[in-house]
Each structure stands twice: as C-alpha cells, then as structure tokens.
Amino acid sequence: MYWYSMINIPAKSEFPGSGEKGNGISSNIKSQEQWVDTVKNACQSCHSLGSKGMRTVPKEFGPGIAGWARRTQSGQALTQMALGLGYMGADAALKNYADWTDRIAAGELPFAKPERPKGLERNMVVTMWDFSTPKYYLHDGISTDRDNPRLNANGPIYGAPEESTDLIPVLDPVTHTASQIRHPVPDPKTPSSTSLPMHPRPTGARSRSGTATRAFTTR
C-alpha cells in the first residue's frame, strides 16, 4: 500500500466528471469519494495494486497509457476490467494509472518506508505453503464457514482459480501436502472460458500467486 499511495487521486474540483470531451472522468462519478470507492471495489477487490506485479508494467506492453490499455485486455477478466474502466472514464483512469507506474519506473519512491515490527508485534509466527501451479491464476482460498469458523478445523484449504483452470488446488495444512481436484462439469459441452475475448499475458505474469499463509501470535 506504500507504493499504491503514490497514485494521484483527482482533485475534488474535477468532479462531477465531464466525460470524454472534458476531463475524461465519466459523468457517472459525481465526487472524489465515489471515484476512490470505485477504484477500491472495481480494481482493488481483485488486485493487490501495490505489489510488484501491478506497479510494474510488462516490457512487452510498453510504458504509458498504451501499456496500461494493453495490460487490461489480458486474461479472462478483460470484460470486467473494461466495464470498470468505462464506468470511471477509461481515458482518465488509464492516464492516471500510467502516470503512477511511469513515475515508479523512473525511480520515484513512496513518501515513507514501512517500519519493521516492534515490541509485541514481533511475536508473530507465519507459516507459508505454495500450492496450485505457476500456470494458473489463484484468486483466494477458503477453509471454513465465515459464519461458523469452527467447521473444518485444521482441515483442507480449497483455492479458487476462477476461470483459469478446472483443477481446484487443495492444501492440507496438517500434513503439508498439496493436491488438485478436477471440478466436475455436468454437461461436457459447457462453454469454456478460453473462448472469452482476451489477449495473452506475458509469460510468468500473474495477478495472484498460489500461496497460503497462516499467522498467529505467541505469548
């Protein structure tokens, strides 16, 4: 988030947006607060935007607005990203994100560095496991019911690869073993996400890695 804090939020005076013939911000966005809320819910809900993979535009795409326009056309989420950008005003949004990553590429740094844990904050134990494979997108995982977290205690963690594969990654945190389950499809003629409109992504570029973490404090 230190890196993401470098993005320039449009001034309050730029709202409501005046559209393509004005400042590029969509007239849908009536206030600065609505712009920030849209960025959080349309972009940040799926992407850890300050991470290296997001603040660095692949060289194959090039810098600037053209690079961001190309990167948002990659993968099965092309349609959702296009809708989000269109709602915000694609011209202004792409210009804003391009300015952010171009400044980072030129060497600009966040206003402050994250501090190392101090005192009781250092009494933390983190266990990490890699599961799934580098070829598949992993959005998140689940191990229990949020309304009843006592269910499936120490049980498997199931990953959500969305439309990147029909292989569901599974992690057993007790035996430290990873496996995969092929998601059943009732109708073998079910359309595949590979037929969705999308451009390929650079080799090795992923929005989220296949890593599970568990943290607890010691006393």
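The following refers to the structure shown. (Residues numbered from 1 in each chain as written. Predicted model: local features only at pLDDT ≥ 70, side-chain atom pairs only at ≥ 80, totals over all residues. Heavy atoms only, no water.)

To continue, consider the nonpolar core. Formed by 23 residues in total, the largest nonpolar core has its most connected members in Tyr4, Trp35, Val39, Leu49, Trp68, Tyr97 and Trp100. When residues of this core are traced back to their parent elements, those giving at least two are helix H1 (32–44), helix H4 (78–88) and helix H5 (90–105). With seven residues, H5 is the single largest residue contributor to this core. Excluding residues that lie within four positions of it along the chain, tyrosine 4 makes contacts with Val39, Gln44, Leu49, Gly50, Tyr97 and Trp100. If you look at the next biggest cluster of nonpolar residues, it comprises five residues, including Trp129, Leu138, Ile157 and Leu171. (Core = buried A, V, L, I, M, F, W, Y, C linked by side-chain atoms within 4.5 Å. Buried < 20%, exposed > 50% of the residue type's maximum accessible area, 1.4 Å probe, protein only. Helix = DSSP H or I, 4+ residues; strand = E, 2+ residues; numbered from the N terminus. Contact = heavy atoms within 4.5 Å.)

In this section: the packing of helix H3 (residues 64–71) against H5. Taken N-terminus to C-terminus, the directions of H3 and H5 make an angle of 110°; their axes are 8 Å apart at the nearest point. With respect to each other, H3 and H5 are oriented roughly perpendicular. In this structure, H3 uses Gly64, Ile65, Trp68 and Ala69 to contact H5, whose residues at the interface are Leu94, Lys95, Tyr97, Ala98, Trp100, Thr101 and Asp102. A per-class count over the contact of H3 with H5 returns seven nonpolar, two polar and two charged. (Axes fitted to C-alpha atoms, helices over the stretch in contact; angles between N-to-C directions. Parallel < 35°, antiparallel > 145°, perpendicular 65-115°, else oblique. Nonpolar A, V, L, I, M, F, W, Y, C, P; charged D, E, K, R; others polar.)

It is worth spelling out the sheet that holds strand S4 (residues 167–172) at this point. Read across the open sheet, the four strands follow the order S2-S3-S4-S5; overall the sheet is antiparallel. Lying at the two open borders of the sheet, with one neighbouring strand each, are strand S2 (140–142) and strand S5 (177–182). Across the sheet, the mean angle from the axis of one strand to that of its neighbour is 30°, orientation sign disregarded. (Pairing = 2+ DSSP bridges.)

This brings us to the packing of aromatic side chains. Under the definition given, this model contains three aromatic pairs. Aromatic pair tyrosine 97 and tryptophan 100: ring centres 6.2 Å apart, planes at 65°, arrangement edge-to-face. In this pair, tyrosine 97 and tryptophan 100 are both assigned in helix H5, three residues apart and thus about one turn of the helix distant. With relative accessibility at 4%, the residue tyrosine 97 sits in the buried group. Tryptophan 100 sits in the buried class, given a relative accessible area of 0%. The rings of Tyr4, Trp68, Tyr97 and Trp100 are connected pair by pair, giving a single aromatic cluster. Looking at arginine 71, its charged tip hangs above the ring of tryptophan 68, at a distance of 4.5 Å from the centre. (Phe/Tyr/Trp six-rings, centres within 6.5 Å; stacked < 30°, edge-to-face > 60°. Lys NZ or Arg CZ within 6 Å of the ring centre and 35° of its normal.)

Note that the residue after phenylalanine 15, namely proline 16, is joined by a cis bond; omega there is -5°. Within the secondary structure layout, proline 16 lies in the segment before H1. Here the phi dihedral of asparagine 152 falls at roughly 60°; this positive angle occurs in a residue that is not glycine. Its location among the elements puts asparagine 152 in the loop between S2 and strand S3 (157–160). Unlike most non-glycine residues, asparagine 154 shows phi in positive territory, near 60°. Tracing the chain through its elements places asparagine 154 in the loop between S2 and S3.

Turning to the pairing of S4, a few remarks are in order. Two faces belong to every sheet, and in a regular strand the side chains alternate between them. Most of S4 sits out of view: five of its six residues are buried. With two bridges joining them, S3 and S4 adopt antiparallel strand pairing. Paired with tyrosine 158 across the bridge in S4 is valine 170. If you look at the hairpin formed by S3 and S4, you'll find six residues sitting between the two strands, and glutamate 162 has a positive phi there, around 50°. A loop of four residues connects S4 with S5, the two strands running antiparallel in sequence, and histidine 176 in this loop sits at a positive phi of about 60°.

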